[in-house]
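# Structural description and commentary
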Amino acid sequence: MTGPVFRRLWMTLVAALAAIIAIGSLLPFQLPGNDIGGDKFGHLFMYFVLALAGSGIVAKERVWIVMLRCLLLGAALEVAQELWTETRRGDWRDMAANGAGVLAAWLVVRNGRNNWSRYVEDWLGRR
């Protein structure tokens, strides 16, 4: 785990990223120029960043929990789009893109590249 000074900051950044994803998923707007399937890279990228960020503040044996939470967030938001919005629709392809982003992050961190926040803190401390 990271040091107590920065732990809350890292957790706040991950929570803020999750909130940005949630708000962006539920607001009634569409990005300009999105053709069919054009937003899938955005889904993949945002869930990759979220899963990578979350894995940066946990021990290796807890990385799977971060990944599961990211997948559950994506699934919940797709269901929420279908049930609670009039301008957005849940889409299994979006869910697949979310899962692909989480999988890509897991592939990056699975060999001990998690807990990267400690390295960032060490690097900042040396400056």
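Provided above is the structure to which this section pertains.
All residue numbers refer to position in the chain's written sequence, counted from 1. Thresholds applied to this predicted model are a pLDDT of at least 70 for local features of residues and 80 or more for the giving and counting of side-chain atom pairs; totals over whole chains, interfaces and linings are not thresholded and use all residues. To obtain the side-chain values, all non-hydrogen atoms of the structure were used and water was disregarded.

Where helix α2 (residues 40-55) meets helix α4 (residues 92-109), the axes come as close as 7 Å, and the angle between the chain directions of the two elements is 40°. Regarding the angle of α2 to α4, the classification is oblique. Helix-helix and strand crossings are classified by hand; for α2 and α4 the assignment is right-handed. Together, K40, H43, L44, Y47, F48, A51, L52 and S55 of α2 and R93, D94, A97, N98, A100, G101, V102, A104, A105, V108 and V109 of α4 make up the contact between the two elements. Residues that form the contact of α2 with α4 fall into these classes: 12 nonpolar, four polar and three charged. For helices, the axis comes from a line fit to the C-alpha atoms of the stretch in contact; other axes are also lines fit to C-alpha atoms, and the angle between any two N-to-C directions lies between 0 and 180 degrees. Here a strand is any run of E in DSSP of at least two residues, a helix any run of H or I of at least four, and the numbering for each starts at the N terminus. Roughly parallel means an angle under 35 degrees; roughly antiparallel means over 145; roughly perpendicular covers 65 to 115; every other angle is labelled oblique. By convention, the crossing between two helices is left-handed when the near helix turns anticlockwise from the far helix through less than a right angle, and right-handed when the turn is clockwise. Working rule for contacts: check all heavy atoms of both residues, and any pair within 4.5 Å makes them a contact. Ten residues, namely Ala, Val, Leu, Ile, Met, Phe, Trp, Tyr, Cys and Pro, are considered nonpolar, four, namely Asp, Glu, Lys and Arg, are considered charged, and the remaining ones, Gly among them, are considered polar.

Attention now moves to the packing of aromatic side chains. Two rings from Phe, Tyr or Trp (for Trp, the six-membered ring) form a pair when their centres are within 6.5 Å of each other. A pair whose planes differ by under 30 degrees is stacked, one over 60 is edge-to-face, and the rest are tilted. Under the counting rule described, the total for this entry stands at one aromatic pair. Summarising the aromatic geometry, the rings of F41 and F45 are spaced 6.1 Å apart at their centres and angled 20° between planes, so their arrangement reads as stacked. Placement of the pair is F41 and F45 together in helix α2, with a separation of four residues, close to one helical turn. A relative accessible area of 59% places F41 in the exposed class. Partly exposed residues are those whose accessible area sits between 20% and 50% of the maximum for their type, while under 20% is buried and over 50% is exposed, using a 1.4 Å probe and protein chains only.

Following the sequence through the fold, Y47 ends up in helix α2. Since its relative accessible area comes to 3%, Y47 is described here as buried. Residues Y47 and M67 lie 20 residues apart in sequence; the distance between their C-alpha atoms is 9.5 Å. Here Y47 is in contact with I21, C70, L73, G74, L77, N98, G101 and V102, once residues within four sequence places are set aside.

Attention shifts here to the nonpolar core. Grouping buried Ala, Val, Leu, Ile, Met, Phe, Trp, Tyr and Cys residues that are joined through side-chain atoms within 4.5 Å yields what is termed a nonpolar core. Within the largest apolar cluster, 19 residues are counted, with the highest numbers of intra-cluster contacts made by I21, Y47, L50, A51, M67, C70 and V102. For this core, the secondary-structure elements that each account for two or more residues are α1 (4-26), α2, α3 (63-84) and α4. Apart from residues lying up to four places away in sequence, C70 is in contact with Y47, L50, A51 and V102.

Salt bridge, as used here: a side-chain nitrogen of Lys or Arg that lies within 4 Å of a carboxyl oxygen of Asp or Glu. Considering all chains together, one arrives at four salt bridges under this definition. A salt bridge links D91 to K40; the nearest nitrogen and oxygen atoms lie 3.5 Å apart. Linking D91 in the loop between α3 and α4 with K40 in helix α2, this pair joins segments that are 51 residues apart in sequence. On the basis of relative accessibility, which here comes to 15%, the residue D91 falls in the buried class. By relative accessible area, K40 is classed as buried at 19%. Shared partners join several salt bridges into a network, and the residues in it are D39, K40, D91, R93 and D94.

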